Amino acid sequence: QVQLVESGGGLVQAGGSLRLSCAASGSIFFSDSTMGWYRQAPGKQRELVASMDSAGTTNYADSVKGRFTISRDNAKNTVYLQMNSLKPEDTDVYYCNARRLLSGYTLYEYWGQGTQVTVSS
């Protein structure tokens, strides 16, 4: 049983910062996993915010480049998302994702329960 538990969401004013954390537990090869943060607004598709693979290569949505930073601590099985210069349009539920690909096949993929981020104008 794998669990991804997010924390750090909340209400912040525009221009402020938040740091999300996602702690993984259970039978997961965390250091071999690509860890990602996604977000979803009601009625919209879930979209990638940022990801980091096992080699440390990062990928960011254009809308957050220069403002958000993803990092990971493999010793703690935890991935972080530092969000600076927040905008009202960043308001969403943020989900942690862990997946492992091998030769184009998804060996596993897990999702957290989500954490609400609300940015007031």
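One can find the structure itself at the top, above this paragraph.
Residues numbered from 1 in each chain as written. Predicted model: local features only at pLDDT ≥ 70, side-chain atom pairs only at ≥ 80, totals over all residues. Heavy atoms only, no water.

Draft legend 1. Just the overall build of the protein, in detail. Scanning the protein from N- to C-terminus turns up zero helices and 11 strands. The N-to-C order of helical and strand elements in the protein reads β-β-β-β-β-β-β-β-β-β-β. Taking 14 Å as the expected radius of gyration for a compact globule of 121 residues, we find that the protein reaches 14 Å, a close match to that expectation. The C-alpha extent of the protein, read off along each of the three principal axes, is 45 × 30 × 25 Å. (Helix = DSSP H or I, 4+ residues; strand = E, 2+ residues; numbered from the N terminus. Rg over C-alpha atoms; globule rule 2.2 N^0.38 Å.)

Draft legend 2. How the structure looks around the packing of aromatic side chains. On inspection of all chains with the given rule, the structure shows two aromatic pairs. Measuring from ring centre to ring centre gives 4.9 Å for Y38 and W111, while their planes differ by 70°; the resulting arrangement is edge-to-face. Placement of Y38 in strand 4 (residues 34–40) and of W111 in strand 10 (residues 105–111) is noted, with a sequence separation of 73 residues between them. Overall, the relative accessible area of 17% leaves Y38 in the buried class. In this structure W111 comes out as partly exposed when scored by relative accessible area, which is 35%. (Phe/Tyr/Trp six-rings, centres within 6.5 Å; stacked < 30°, edge-to-face > 60°. Buried < 20%, exposed > 50% of the residue type's maximum accessible area, 1.4 Å probe, protein only.)

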